[in-house]
Amino acid sequence: MHNHFHSYYLALDAAAAADVAQCLYPEWRNAVEKPFLWLGDLHPYLFTNLLRSFLDDQDSSSQEDDGDGGGDFLENDAAAVREFHHRPWHVATAWRSPSRALTTRADQIECGLRLMAPALAARARHAQAKLARSVGAEWGSGEGVKAAVGEAMAEAMEEMVGVVVDANRLRRSVLADVLSVTTVYQAALFFESVAQFLVGFRDLKLLKEFEDCEKAIN
């Protein structure tokens with residue numbers, strides 16, 4: 001699954017180099033997917049939020065165990081097995097009592113994203129603003145305006161390709177970091193949840209409800 005995502009983002013890099021506008025404004029995405037897009041694909045915060053959901057669930061379970069004096073330990077493990085569809089015990093309880101290294105690394109990944117994601121978004125805004133200024137300055141100049149606008153467009157598109165490629169690199173980095181610090185079974189459950197999230201975008205009932213939803217106008 002991780003190899004699939006790695007190959008997918010490399011392919012998205014190539015697609016951006018060919019036509020970055022199609023990556024930034026993809027017509028093939030449906031109405032459910034589009035709100036989750038950031039610079040061409042899923043926001044990396046979605047990956048860290050999913051990771052955090054596993055950790056927070058286990059924090060809640062640990063607090064309940066502490067409050068009950070540990071008497072419900074086996075009962076909670078049995079509930080975990082039921083939740084994961086009668087899978088083997090070592091799979092169903094893989095996220096129970098995550099390591100200190102995992103929680104620390106999750107904090108570091110989130111901290112890095114809080115620095116890098118806004119910087120990438122700022123680069124995209126700067127490129128768009130520079131394009132608007134360049135086109136506006138040349139629009140009424142008469143002779144040579146077409147060449148000047150074309151040059152400004154080419155420069156802006158080149159910068160946006162770099163932004164999308166760096167965003168994909170960030171997404172790959174987050175997934176690789178999660179894989180490097182989790183156990184085999186933790187990683188399997190994490191990537192399974194990512195896959196289920198993506199499959200949910202194709203739920204026809206959900207898509208119809210989303211498209212039929214009317215937004216109130218204030």
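Residues numbered from 1 in each chain as written. Predicted model: local features only at pLDDT ≥ 70, side-chain atom pairs only at ≥ 80, totals over all residues. Heavy atoms only, no water.

Naming follows an unreviewed UniProt entry, where the chain appears as DOG1 domain-containing protein of Rehmannia glutinosa.

A.B. asks: Sorry if this is basic, but what is going on with the overall build of the chain here?
C.D. replies: Looking only at helices and strands, one finds nine helices and two strands in the chain. For the chain, the α and β elements follow one another from N to C terminus as α-α-β-β-α-α-α-α-α-α-α. For the chain, the proportion of its 218 residues judged to be buried stands at 37%. For the chain, restricting intrachain contacts to residue pairs at least 6 apart in sequence, the fraction spanning at least 24 positions comes to 76%. Of the accessible surface of the chain, which amounts to about 13,200 Å², a share of 58% is contributed by carbon and sulfur atoms. (Helix = DSSP H or I, 4+ residues; strand = E, 2+ residues; numbered from the N terminus. Buried < 20%, exposed > 50% of the residue type's maximum accessible area, 1.4 Å probe, protein only. Contact = heavy atoms within 4.5 Å. Areas by Shrake-Rupley, 256 points an atom, 1.4 Å probe, with all protein chains shown as cover.)

A.B. asks: Just to check I follow, could you spell out the packing of helix 1 (residues 2–18) against helix 7 (residues 145–181) for this structure?
C.D. replies: The packing of two helices is summarised by the inter-axis angle and the distance between the axes. Two numbers describe how helix 1 lies on helix 7: the axes approach to 9 Å, and their chain directions differ by 175°. Here helix 1 is positioned roughly antiparallel relative to helix 7, judged by the angle of their axes. Taking contact as the criterion, the partners of His-2, Phe-5, His-6, Tyr-9, Leu-10, Leu-12, Asp-13, Ala-16 and Ala-17 in helix 1 are, on helix 7, Val-161, Val-164, Val-165, Asn-168, Arg-171, Arg-172, Leu-175, Ala-176 and Leu-179. For the contact of helix 1 with helix 7, the per-class residue count stands at 12 nonpolar, three polar and three charged. (Axes fitted to C-alpha atoms, helices over the stretch in contact; angles between N-to-C directions. Parallel < 35°, antiparallel > 145°, perpendicular 65-115°, else oblique. Nonpolar A, V, L, I, M, F, W, Y, C, P; charged D, E, K, R; others polar.)

A.B. asks: Hey, could you run me through helix 1 in this one?
C.D. replies: Helical periodicity: at 3.6 residues per turn, an α-helix aligns residues three or four positions apart in one direction. Over its 17 residues, helix 1 runs 25 Å from end to end, which matches the ideal 24 Å to within 8%, given 1.5 Å per residue. Looking at helix 1, one finds that the buried residues are His-2, Phe-5, Tyr-9, Leu-12, Asp-13 and Ala-16. Projection of helix 1 onto a plane perpendicular to its axis shows the buried side chains occupying an angular sector of 105°, all on one side. Those residues of helix 1 that are exposed and angled more than 90 degrees off the buried face are Asn-3, His-4, Ala-14, Ala-17 and Ala-18. (Expected span 1.5 Å × (residues − 1). Arc of directions from axis to C-beta.)

A.B. asks: Where do I start with unusual backbone geometry in this structure?
C.D. replies: For residues that are not glycine, phi is negative in most cases, and the peptide bond is trans in most cases. The phi torsion at Leu-39 lies on the positive side, around 50°, for a residue other than glycine. Take Leu-39: it is sitting in the loop between strand 1 (37–38) and strand 2 (41–42). At Ser-97, a residue that is not glycine, the phi angle is positive and equals roughly 55°. Here Ser-97 shows up in the loop between helix 5 (89–92) and helix 6 (100–139).

A.B. asks: It is not clear to me how the packing of aromatic side chains should be interpreted in this structure. Could you clarify?
C.D. replies: The description of an aromatic ring pair uses the distance of the two centres, along with the angle that the planes make with each other. Counted under the stated rule, the structure contains nine aromatic pairs. Between Phe-36 and Phe-201, the ring centres sit 5.4 Å apart and the planes meet at 50°, which makes this aromatic pair tilted. Here Phe-201 lies in the loop between helix 8 (184–200) and helix 9 (204–212) and Phe-36 lies in the loop between helix 2 (20–24) and strand 1, a separation of 165 residues in the sequence. Given a relative accessible area of 31%, Phe-36 falls into the partly exposed group. We classify Phe-201 as buried; its relative accessible area is 5%. Here Phe-54 and Trp-95 contribute two aromatic rings whose centre-to-centre distance is 4.7 Å and whose plane-to-plane angle is 20°, an arrangement assigned as stacked. Of the two residues, Phe-54 sits in helix 3 (residues 44–67) while Trp-95 sits in the loop between helix 5 and helix 6, which places them 41 residues apart along the sequence. Each member of the pair, Phe-54 as well as Trp-95, carries the same accessibility label: buried. What links up through ring pairs into an aromatic cluster is the set Phe-5, Tyr-8, Tyr-9, Phe-47, Phe-190 and Phe-191. (Phe/Tyr/Trp six-rings, centres within 6.5 Å; stacked < 30°, edge-to-face > 60°.)

A.B. asks: Any chance you could explain the nonpolar core here in plain terms?
C.D. replies: Counting residues in hydrophobic clusters, the biggest one holds 45 residues, and the most contacted among them are Trp-38, Leu-39, Phe-47, Trp-95 and Phe-190. Among the secondary structure elements, those contributing two or more residues to this core are helix 1, helix 2, helix 3, helix 6, helix 7 and helix 8. Dropping the residues within four chain positions of it, Phe-47 is found in contact with Tyr-9, Leu-42, Arg-171, Val-174, Leu-175, Phe-190 and Val-194. (Core = buried A, V, L, I, M, F, W, Y, C linked by side-chain atoms within 4.5 Å.)

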